[in-house]
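Secondary and tertiary structure notes
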There are 2 protein chains.
Amino acid sequence: VEVSLSDVRERVTPWHLQPPTVEDVEGAVRRISGVLVRTPLLESERVNRRLGCRLFVKAEGLQRTGSFKARGAWNTMSLLFAEGRLDGVICGSSGNHGQAVAWAANRFGVPALVMMPHDAPATKVERTSEWGAEIVRYDRHRENRDIIGHRLAAQRSLTSISAFDDRRIIAGAATLSVEITDQARELGTAVDRLVVNCSGGGMAAGCALMMRRLGTATEVWATEPENYDDLDRSLAAGTLLRNDGVRPSSICDSLMAPSTGPLTFSIMREYLSGAVKVSDQEVLTAMRLAYSEFGLVVEPGGAAGLAAVLSGRIDVKDRNVTVVLSGSNVDASIFRNAIDA
Amino acid sequence: VEVSLSDVRERVTPWHLQPPTVEDVEGAVRRISGVLVRTPLLESERVNRRLGCRLFVKAEGLQRTGSFKARGAWNTMSLLFAEGRLDGVICGSSGNHGQAVAWAANRFGVPALVMMPHDAPATKVERTSEWGAEIVRYDRHRENRDIIGHRLAAQRSLTSISAFDDRRIIAGAATLSVEITDQARELGTAVDRLVVNCSGGGMAAGCALMMRRLGTATEVWATEPENYDDLDRSLAAGTLLRNDGVRPSSICDSLMAPSTGPLTFSIMREYLSGAVKVSDQEVLTAMRLAYSEFGLVVEPGGAAGLAAVLSGRIDVKDRNVTVVLSGSNVDASIFRNAIDA
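Now for a look at the structure at hand. (Residues numbered from 1 in each chain as written. Chains lettered and ligands numbered in written order. Predicted model: local features only at pLDDT ≥ 70, side-chain atom pairs only at ≥ 80, totals over all residues. Heavy atoms only, no water.)

Further remarks concern the side chain of Ser177 of chain B. Residue and element names in this part refer to chain B. Locating Ser177 in the fold gives a position in helix α8 (residues 167-186). Taking the relative accessible area as the measure of exposure, Ser177 reaches 0% and is therefore buried. Every residue in contact with Ser177, bar those within four places of it in the chain, is listed here: Leu194, Gly206, Cys207, Met210, Met211 and Leu214. (Helix = DSSP H or I, 4+ residues; strand = E, 2+ residues; numbered from the N terminus. Buried < 20%, exposed > 50% of the residue type's maximum accessible area, 1.4 Å probe, protein only. Contact = heavy atoms within 4.5 Å.)

All right, on to helix α12 (residues 280-294) of chain A then. Residue and element names in this part refer to chain A. Taking 1.5 Å of rise per residue, 15 residues should cover 21 Å, and α12 covers 20 Å from first to last C-alpha, within 8% of that figure. A large share of α12 lies buried, amounting to 11 of its 15 residues. Within α12, the full set of buried residues consists of Glu282, Val283, Leu284, Ala286, Met287, Leu289, Ala290, Tyr291, Ser292, Glu293 and Phe294. Just downstream of α12, Gly295 is the residue with a positive phi angle, here 70 degrees. (Expected span 1.5 Å × (residues − 1).)

Quick look at the relation of the copies chain B and chain A now. Each copy of the chain is related to the other by a rotation around an axis and a translation along that axis. Take chain B, turn it by 180 degrees, move it 0.0 Å along the axis, and it overlays chain A with an RMSD of 0.0 Å. As the rotation angle and translation indicate, the two copies are arranged about a two-fold axis. Relative to the rotation axis, the C-alpha of Leu296 of chain B is the closest in chain B, positioned 2.5 Å from it. The share of interface residues of chain B whose copies in chain A are also at the interface is 100%, consistent with both copies meeting through the same surface. (Least-squares fit on C-alpha atoms with pLDDT ≥ 70 in both.)

Moving on, we get to the sheet that holds strand β8 (residues 219-225) of chain A. All names here are of chain A. Across the sheet, 6 strands lie side by side as β1-β2-β10-β7-β8-β9; this open sheet has mixed pairing. Across the chains shown, the open sheet's two edge strands, defined by having one partner strand only, are β1 (41-43) and β9 (274-278). Neighbour-to-neighbour, the strand axes of this sheet turn through a mean angle of 30 degrees, independent of strand direction. Packed onto the sheet, helix α8 (residues 167-186) meets β1, β2 (54-59), β7 (193-197) and β10 (320-325) and runs at close to 135 degrees relative to β2. (Pairing = 2+ DSSP bridges. Axes fitted to C-alpha atoms, helices over the stretch in contact; angles between N-to-C directions.)

Another point: the interface of chain B and chain A. Contacts between chain B and chain A engage 29 residues on the former and 29 residues on the latter. The junction of chain B with chain A conceals about 2,800 Å² of combined surface from both sides, 49% of it contributed by carbon and sulfur atoms. Three residues, Glu45, Arg46 and Tyr291 of chain B, lead the burial of chain B against chain A; their summed loss comes to 21% of the area buried on that side. Along the contact surface separating chain B from chain A lie 12 salt bridges. A salt bridge links Arg107 of chain A to Glu45 of chain B; the shortest N-O distance between them is 3.3 Å. The interface formed by chain B and chain A includes 16 residue pairs in polar contact (both at pLDDT 80 or more). Elements with a minimum of two residues in the side of chain B that touches chain A: β1 (41-43), α3 (45-51), α5 (96-108), α6 (122-130), α12 (280-294) and α14 (332-339) of chain B. Within the side of chain B that touches chain A, the residues separate by chemical class into 14 nonpolar, 3 polar and 12 charged. (Buried area = accessible area lost by both parts, 1.4 Å probe. Salt bridge = Lys/Arg side-chain N within 4 Å of Asp/Glu carboxyl O. Polar contact = N/O pair within 3.5 Å; in protein donor to acceptor, adjacent residues only side chain to side chain. Nonpolar A, V, L, I, M, F, W, Y, C, P; charged D, E, K, R; others polar.)

And the structure:
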């Protein structure tokens with residue numbers, strides 16, 4: 001009997017740490033249907049003229065809980081619920097994943113505990129708490145969230161919902177690829193380049209994998225804040241690197257994960273076209289454009305992809321490009337800065 | 001041969017000044033399909049909980065040119081184009097109708113002239129001009145736009161595109177009713193009350209008429225700025241009244257028409273459930289809520305309906321209510337005030 005390397009890998013890797021299949025993503029599409037929002041794919045002829053391309057934005061800040069994270073959280077918890085394994089959940093998040101998990105837990109009527117860093121935006125902490133989740137704060141620089149999480153999960157018998165490195169979370173985020181491809185087709189076109197933000201890499205991995213599986217020619221590019229460019233460095237090194245040491249903060253609070261995950265990185269390494277980084281100032285300019293040209297409120301992390309396009313870091317000339325504006329949860333003080341940018 | 005009163009009316013009233021039929025609206029739905037945006041119908045569970053109702057917002061600020069006006073302008077100019085009668089167009093507008101007409105003229109490759117009041121928002125003037133339209137400014141208080149318009153139209157052989165009092169414009173706006181009803185059905189629900197802003201009354205008349213024709217039980221309510229409450233007074237008096245004299249300005253620049261039109265008023269008188277007025281402060285509060293809870297940029301006039309709901313002027317308790325957020329073209333200075341409201 002011959003045993004291939006992938007057979008062995010499948011046997012030793014737990015199910016949820018294997019890449020999602022097309023069936024996983026199709027299942028996720030079914031599960032989110034009617035619960036989540038099919039967010040619109042918008043364009044502005046003024047912006048197109050200015051950039052010399054056709055640019056669509058996927059307005060995912062209009063998603064439930066204000067970010068794409070609702071896709072993965074809902075998909076994962078729906079699966080757990082169907083298996084009778086959804087009692088209580090725990091997760092760590094600067095805010096968007098936490099809100100999504102808290103919201104889904106509220107809908108399923110189970111308790112949620114969310115670990116949030118001490119510097120998480122006030123808006124996000126408030127909203128997570130309003131969904132009835134218990135919040136545990138920790139120091140991003142001095143404490144290890146994973147250790148705190150494992151202890152709390154064991155003590156209270158809670159199921160951990162990963163923010164990105166999980167087949168079900170990635171499949172949930174990959175529903176974006178399916179929707180974008182369908183919406184572009186409805187508009188009589190196709191997407192040459194899809195630009196998404198990357199923190200842990202769930203969205204970038206899911207979209208890159210699924211675009212390939214759908215048989216599209218869509219290149220998927222990821223963007224990171226300039227001091228949190230672990231993905232770019234990891235892709236260059238061919239191995240998973242971290243954002244080590246104390247670094248200057250970024251206004252992109254949702255893109256400051258210490259690194260991508262073993263699963264998301266292994267997928268991105270294979271399917272992603274590349275990663276580029278953007279500055280805080282470029283992000284503010286992108287937030288302003290989203291406000292003035294698209295009528296959308298976008299949070300800093302959610303505007304990183306658009307910033308990469310506007311700053312010319314991703315070549316869009318004469319192409320058909322889609323950017324995911326991934327979230328809208330922003331404190332008023334930062335949004336005011338963006339309008340003035 | 002018997003001749004009914006409605007027969008006589010039909011014979012003496014020009015076609016475009018008669019109320020739209022279901023066929024007119026269905027035609028408009030077909031004409032805008034694939035060109036305009038099917039804007040999303042969004043809800044926020046946080047807002048629902050706070051108001052004790054189910055509130056949907058129709059995010060029409062995401063429409064082409066940033067307002068619902070694109071519906072009527074596109075429908076009217078498509079019909080003129082199909083009849084070989086689209087050479088050049090003229091319209092008067094504080095900005096949204098002007099932008100919509102300028103945009104449509106640009107798409108059809110014909111010249112547009114837009115008369116804009118001296119106090120129109122800078123953003124709107126700029127954007128209208130960017131679509132290639134010629135702008136003629138006039139003094140809202142001292143000059144009569146209709147007289148200037150007639151003279152220019154005659155001198156240059158331009159076709160006048162009414163901002164509201166036209167069967168084709170009303171049919172275009174009425175496509176909102178069709179979309180909202182369809183979208184509510186897709187969400188497994190129906191709308192008890194639909195709240196729209198009123199300036200000239202095209203949207204309110206179109207939606208009220210079409211909701212009745214669709215056989216829904218949806219009540220349609222209109223909102224006006226407090227010093228521009230001609231509709232409320234007209235409905236009470238049973239005859240068309242104007243906002244006479246010099247009045248305090250309103251931040252709702254798009255809702256300051258001198259009066260509704262003979263056609264829109266005759267329709268609203270028959271089908272509208274009522275009109276309520278809102279203050280500038282209530283409008284700013286509504287803009288803030290649209291920003292913080294829905295991730296949407298809404299201009300003052302576009303937020304009047306939401307202001308009426310939030311201020312309790314329209315009873316929503318335990319009902320299923322939809323508000324049209326009709327536009328997003330707002331100067332940064334005013335938007336900043338709203339965020340701070």
